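# Remarks on the overall topology
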Amino acid sequence: PDTLWHSSWDGCTTEEMWFTMDMKQEQSVSLLKYVPRSKQKNGLILQYEIYYSTAETPTEGDWVKATEGTWPEDNTEKIATFAPVNARHIKLVALQTGTQEPPKQFVSAAEIYLGSMPQA
C-alpha cells in the first residue's frame, strides 16, 4: 500500500482515466478491491465502471460492462462486486476522480486486487 501508480503529473483527459489488468488466462472474477493512495485526494476514484474481456488482445468492441458505481471521497479501501464473469482482462475506468488542482484531472492507485466472492 505504500506504492503509488499515478497518471501523468500534468493531468490527463477523461479518455485516459483507466487501466487494465491481464490475468494471462481466463479466470472467474466477481470482485475488485481498489486501495487508494494513503494521503491526498489527487486521482482518488469516486465514480467508476468495470469492464471485462476474454480476448487475448482486447479492442474497443471486446469490452463488456460488469458493473458501475461510486465510492466515498476518502482514502479507505474500496470494493466493487459484480456477478461472476470469466475474463482474461479487467478494465477499471475512472469516470470521476478527486483533484487538488482543478481543472486538472488525475487517476491514482496504491493497489488493485481481483478476486471472487464465495457463492452461497
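Our subject is the structure listed above.
We now turn to the structure provided with this report.

## Quick notes on the sheet that holds strand S7 (residues 111-115)
In space, the 5 strands of this open sheet follow the order S4-S3-S5-S2-S7, with antiparallel pairing throughout. Looking at the sheet topology across the chains shown, the edges are occupied by strand S4 (64-70) and S7. Each neighbouring strand pair of the sheet contributes to a mean axis angle of 30 degrees, computed without reference to strand direction. Here 5 bridges tie strand S2 (residues 18-35) to S7, and the two strands are oriented antiparallel to one another. Across the sheet, the residue bridging to lysine 33 is tyrosine 113, located in S7.

## Focus on the packing of aromatic side chains
Applying the stated criterion across every chain, the model contains 3 aromatic pairs. An angle of 15 degrees between the planes, with centres 5.2 Å apart, marks the rings of tyrosine 34 and tryptophan 71 as stacked. Here tyrosine 34 is found in strand S2, whereas its partner tryptophan 71 is found in the loop between S4 and strand S5 (78-97), with 37 residues between them in sequence. Of the residues examined, tyrosine 34 reaches a relative accessible area of 0% and is grouped as buried.

Criteria and thresholds
Residues numbered from 1 in each chain as written. Predicted model: local features only at pLDDT ≥ 70, side-chain atom pairs only at ≥ 80, totals over all residues. Heavy atoms only, no water. Pairing = 2+ DSSP bridges. Helix = DSSP H or I, 4+ residues; strand = E, 2+ residues; numbered from the N terminus. Axes fitted to C-alpha atoms, helices over the stretch in contact; angles between N-to-C directions. Phe/Tyr/Trp six-rings, centres within 6.5 Å; stacked < 30°, edge-to-face > 60°. Buried < 20%, exposed > 50% of the residue type's maximum accessible area, 1.4 Å probe, protein only.

Distances and angles like these do not, on their own, reveal function.
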